[in-house]
Amino acid sequence: MSANAASSKDHKVKEPQPGQPMYGCEHVGRLFNQDQATINMSIQHYKTILRAIFDINPILPQTAKGMDGQVVTSLTPTYLCLQCPSTLTEEDLSKHGNKKSHRFYVESRSGALYCQMCDDIVWDPTFEDLRLKKLGTGSFFGSRKRKHEELFAPDPVKDAPQYISTNTTLATCKANGLRGIYNAGATCYQNVVLQSFLHNPILRNFYLSDGHQSGSCDTPHCLSCAMDDMFQEFYASETTNGYTAANILSGFWISEKKAFENLVANKEQDAHEFFQFMAEELHERNGDGKRPEIGSEHTCNCIIHQTYYGKLQTSTTCQNCGGVTNQAQSFLDLSVPLENLTQKRGKKNLTNGDGVSSARTQNSVTLQECLDEEYIKSDKCEYRCQNCNSVQQARRQTSIKKLPNVLSIQLKRFEFKQGRNDRAQKIETPVQFPLQLNMLPYTTRARTQDLKNDYELQRSCTYDLLCVVVHVGDMDTGHYISYCRVGDQYTRARWLVYVL
C-alpha cells in the first residue's frame, strides 16, 4: 500500500504529441532520463518556482544574491535555478553553472525554462504544460482543469488551413534579398562572392544603416558606394529580376590599380582572389586606408576587419633548450591545403588541365580532418634559437589566437609537380563539412587548458554555415556556383542555389 502511495506521487513526463518533440532540447532529455527521483525533484521544484513568480510578491523573484554575497534587486529578469534555491542575475549564470554544474533556470518574468548549454529559452512540453496551467487557471490541478482546457483548446475556425492561408501574408522578396546576379561574361567568380556578401547579416546591417554614406562620399568610382547601392537595390526593391553589378564592374575597369588588371579582362578568374581584392578595397574605403601587410598583426575598426579578420599564432619550440617563440599575424581567411592529407591516405582524385580525371578512389575527407592537419599537428623545421644562439631543430605549430565574427575557409585544391611536361592539377577529393563547426579545438587557448566542459566557450566558438562557393571544372576552365542560407536558428532556414 505504501508503494502504491509513493507511485501515485510520481510525476510523469508528458507524452509527445504528433509533430511535437518529446523534450525541449537534448539536455532536458538527459535530465528526464536519469531516474524517477530526478524527474520528481525537477517538476516539483519547477512548480514551486512558478508559485513564487505568480503567487508571491513580484519583487522577490527579481531579487538575487550575487556571487560576492551582495543582494541586488534588478529591473531586468533574473533566473531561478531549477536544481537549487539560488536566484541569479544574467551576469552570474555562467559562474554558477560552472561551479555547481547546474544548467537549467527559470526566467523570473515569464516562468519559461532557460537551458544554459543551449543559451536559449527552450519549449519543453512537460514544463510548458505546467506553466500554461499556472498562467491560465492559477493552479496545476483540481477543479480548474476544465477551465484550463477551454482556455487553451484549439480553435476549429482559426486553426483551419483555409483561414490560415487567407489571413497570412508572405514575406516579401525584399525582406530576404532573394535575387540572382546576371553573368556579364565570365563573371561568375564575382557573382558568387557578391552573393556571399549580400547574405552576410553583418555587412547587410552595416550598409542598410548608412554605414557607408554614398551620397556624401567624394571618392570617384568608389567600390564601397557600389556595394551600398547593391544592398539598397536587393533589400529595398520589390522585384525578383536578376541584378547587373554594373557599378562594381565599372569600378574595376576604371581603377588604376594593377591588382585589378586581371579582373578587367573578359576571362575566367579565381573567386578567392576576387574576395581578397574586394576585402582590401572595402577596408581602404571604410577603414584607416592602410593596406594590411602580410605577416603583420594589423588592427582596424572598419567593417571588414570587424567581420572577417582574426589572428593566428605560430609557436616555434626549440628541440634543444625547449624555448618557445610566438609570432602573431592577422588573417582574412584560412587556406586549408588538401595535398598532404590526400597523399597520406591515398585518396587523391586529380584532374589535369585537359579535364582528364586520374582518380584512384572516390573516398572523401572531412573539413575537421583538414583543420587538424593545419592547426593541431606540428611540423619539423629549423630556426635560429636566441637562447642557443645557433640554428636548431624545432617544431612549429599554428593555432588561432582570435576567431573572427565570420570565418572564411578556402580549400586549396591544386597541386604542382616539378617536371617539364607536368601541369597544375586540381584535387577533386570530396570534402564533407558540417552545418555547424566548433573551432575551439584549433584555438591557442585550447592548447593550454582543458575546455571540454566549458559549454559557454564552446558555444561562442561554434559557427553556423552561411554560404558555400563551389567550383565545377578543371584548373583552366569551369563555373562557380554558390549556396546561401536564408534564415537563422530562430526560423526555418532555407538553402538557395545561385547558378550564376
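Just above, that's the structure.
Note that the structure is predicted; figures quoted are calculated from it, not measured.

S.K.: What exactly am I supposed to notice about the overall build of the chain here?
M.R.: Along the chain, the regular secondary structure elements total 19 helices and 23 strands. Restricting to contacts in the chain with at least 6 residues of sequence separation, those with at least 24 account for 60%. Of the accessible surface of the chain, which amounts to about 28200 Å², a share of 48% is contributed by carbon and sulfur atoms.

S.K.: Is there a simple way to think about the sheet that holds strand β9 (residues 324-331) in this case?
M.R.: As a general point, the strands of a sheet are linked pairwise by backbone hydrogen bonds and lie either parallel or antiparallel. Read across the sheet, four strands follow the order β9-β8-β14-β13 without closing on themselves; strand pairing throughout is antiparallel. Since the sheet does not close on itself, it has two edges, and those belong to β9 and β13 (379-385), each with one partner. Here the average twist between neighbouring strands, direction ignored, is 35°. Both strand β8 (residues 310-318) and strand β14 (residues 390-402) contribute to a ladder of eight bridges, which runs antiparallel. Looking at the pairing, Thr314 lines up with Thr398 of β14.

S.K.: Explanation requested: the state of the cysteines in the structure shown.
M.R.: By definition, a disulfide links two cysteine residues through a covalent bond between their sulfur atoms. Counted according to the given criterion, the structure contains zero disulfides. Here Cys217 is not cross-linked by a disulfide; its sulfur's nearest cysteine counterpart is in Cys225, at 3.6 Å. For Cys217, a relative accessible area of 22% translates into the label partly exposed. Not engaged in a disulfide, the cysteine Cys222 finds its nearest cysteine sulfur in Cys225; these two sulfurs lie 3.7 Å apart. Judged by relative accessible area, Cys222 falls into the buried class, the value being 6%.

S.K.: Can you help me understand helix α11 (residues 223-236) in this one?
M.R.: Two residues of an α-helix separated by three or four positions point the same way, owing to the 3.6 residues in each turn. The first and last C-alpha atoms of α11 sit 20 Å apart over 14 residues, in line with the 20 Å expected at 1.5 Å per residue. Burial analysis of α11 places 10 of its 14 residues in the buried class, which makes it a mostly covered element. When we look at burial in α11, the residues that qualify are Leu223, Ser224, Cys225, Ala226, Met227, Asp228, Met230, Phe231, Phe234 and Tyr235.

S.K.: Help me understand the pattern of salt bridges in this model?
M.R.: It is possible for side chains of opposite charge to pair when their charged atoms get near one another. Enumeration according to the criterion identifies nine salt bridges in this entry. With its nearest N and O atoms 3.1 Å apart, the salt bridge here joins Arg285 to Glu281. Here the residue Arg285 and the residue Glu281 both occupy positions in helix α14 (residues 271-286), the gap between them amounting to four residues, near one helical turn. A network of salt bridges, in which partner residues are shared, links Lys14, Asp129 and Lys133.

S.K.: Help me out: how do you make sense of the pairing of strand β21 (residues 467-473) in this one?
M.R.: Look at any regular strand and the pattern is simple: side chains alternate between the two faces of the sheet. Across seven bridges, the pairing between β21 and strand β22 (residues 478-486) is antiparallel. For Val468, the partnering residue across the bridge sits in β22 and is Tyr483. Hairpin connection, β21 to β22: the antiparallel pair is bridged by four residues.

S.K.: Before we go on, may I ask you to explain the packing of helix α10 (residues 201-208) against α11 in this structure?
M.R.: A pair of packed helices is characterised by two quantities: the angle between their axes and the separation of those axes. Their axes nearest at 9 Å, the elements α10 and α11 cross at an angle of 95°. As judged from the angle between their axes, α10 and α11 are roughly perpendicular. Of α11, the residues touching α10 (which contributes Leu203, Arg204, Tyr207 and Leu208) are Ser224, Met227, Asp228, Phe231, Gln232 and Tyr235. For the contact of α10 with α11, a count of residues per class yields six nonpolar, two polar and two charged.

S.K.: Before we go on, may I ask you to explain the nonpolar core in this structure?
M.R.: Looking at soluble globular proteins, one finds that nonpolar side chains tend to be buried together. By size, the foremost hydrophobic cluster in this structure holds 37 residues, and its most contacted members are Leu194, Phe197, Met227, Ile248, Met278 and Ile304. Within the residue set of this core, elements represented by two or more residues are α9 (188-198), α10, α11, α12 (246-254), α14 and α15 (303-308). In this structure Met227 touches Leu194, Phe197, Tyr207, Ile248, Met278 and Leu282, once residues within four positions along its chain are discounted.

S.K.: Before we go on, may I ask you to explain unusual backbone geometry in this structure?
M.R.: Peptide bonds are mostly trans, and most non-glycine residues show a negative phi. The phi angle at Ser101 is positive, at roughly 60°, despite the residue not being glycine. Relative to the elements of secondary structure, Ser101 occurs in the loop between α4 (93-100) and β5 (104-107). The phi dihedral of His221 is positive, around 55°, even though this residue is not glycine. As for its position among the elements, His221 is in the loop between α10 and α11.

S.K.: Can you help me understand α14 in this one?
M.R.: Taking 1.5 Å of rise per residue, the 16 residues of α14 would be expected to cover 22 Å, and the 22 Å separating its terminal C-alpha atoms lies within 8% of that figure. Taking burial as the measure, the 16 residues of α14 include 12 buried ones, the bulk of the element. Among the residues making up α14, those that are buried are Ala271, His272, Phe274, Phe275, Phe277, Met278, Ala279, Glu280, Glu281, Leu282, His283 and Glu284. Capping of α14 at its N-terminal end is provided by Asp270; its side-chain oxygen lies 3.1 Å from the backbone amide nitrogen of His272.

S.K.: Any chance you could explain the sheet that holds strand β4 (residues 87-88) here in plain terms?
M.R.: The five strands lie next to each other as β4-β3-β5-β6-β7, forming an open sheet whose pairing is antiparallel. Of all strands in the sheet, those bounded by a partner on one side alone are β4 and β7 (120-122). In this structure, strand β3 (residues 79-81) lies alongside β5, joined through three bridges in antiparallel fashion. Along β5, the bridge assignment pairs Cys81 with Tyr105.

Reading guide: rules and limits
Each chain has its residues counted from 1, running along the sequence as written. At least 70 in pLDDT is required for a residue's local features to be given in this predicted model, at least 80 for side-chain atom pairs to be given and counted, and no such filter applies to totals for whole chains, interfaces and linings, which use all residues. The side-chain quantities take in all heavy atoms of the structure and omit both hydrogens and water. Helix and strand definitions follow DSSP, with helices as H or I runs of at least four residues and strands as E runs of at least two, each counted in order from the N terminus. Every residue pair with non-hydrogen atoms within 4.5 Å of one another is taken to be in contact. Residue exposure ignores everything except the shown protein chains as possible cover, and the areas themselves are Shrake-Rupley values with a 1.4 Å probe. The pairing criterion for strands is at least two bridges between them, as found by DSSP. The convention used is that axes are lines fitted to C-alpha atoms, helices contributing only their stretch in contact, and that angles between N-to-C directions extend from 0 to 180 degrees. Throughout, disulfides are identified as pairs of cysteine sulfur atoms within 2.5 Å of each other. We call a residue buried when its accessible area falls under 20% of the maximum for its residue type, exposed when it is over 50%, and partly exposed in between, using a 1.4 Å probe and counting protein chains only. In this scheme, a helix's expected span is set at 1.5 Å multiplied by one less than its residue total. Salt bridges are defined by distance alone: a side-chain nitrogen of Lys or Arg within 4 Å of a carboxyl oxygen of Asp or Glu. Any angle that falls under 35 degrees is termed roughly parallel, while one over 145 is termed roughly antiparallel, one within 65 to 115 roughly perpendicular, and all others oblique. Asp, Glu, Lys and Arg are counted as charged, while Ala, Val, Leu, Ile, Met, Phe, Trp, Tyr, Cys and Pro are counted as nonpolar; the rest, among them Gly, fall into the polar class. In these notes, a set of buried Ala, Val, Leu, Ile, Met, Phe, Trp, Tyr and Cys residues joined through side-chain atoms within 4.5 Å is what counts as a nonpolar core. Nitrogen and oxygen atoms within 3.5 Å of one another constitute a polar contact, given that in protein one can donate a hydrogen and the other can accept it, and given that sequence-neighbouring residues count only through two side-chain atoms.

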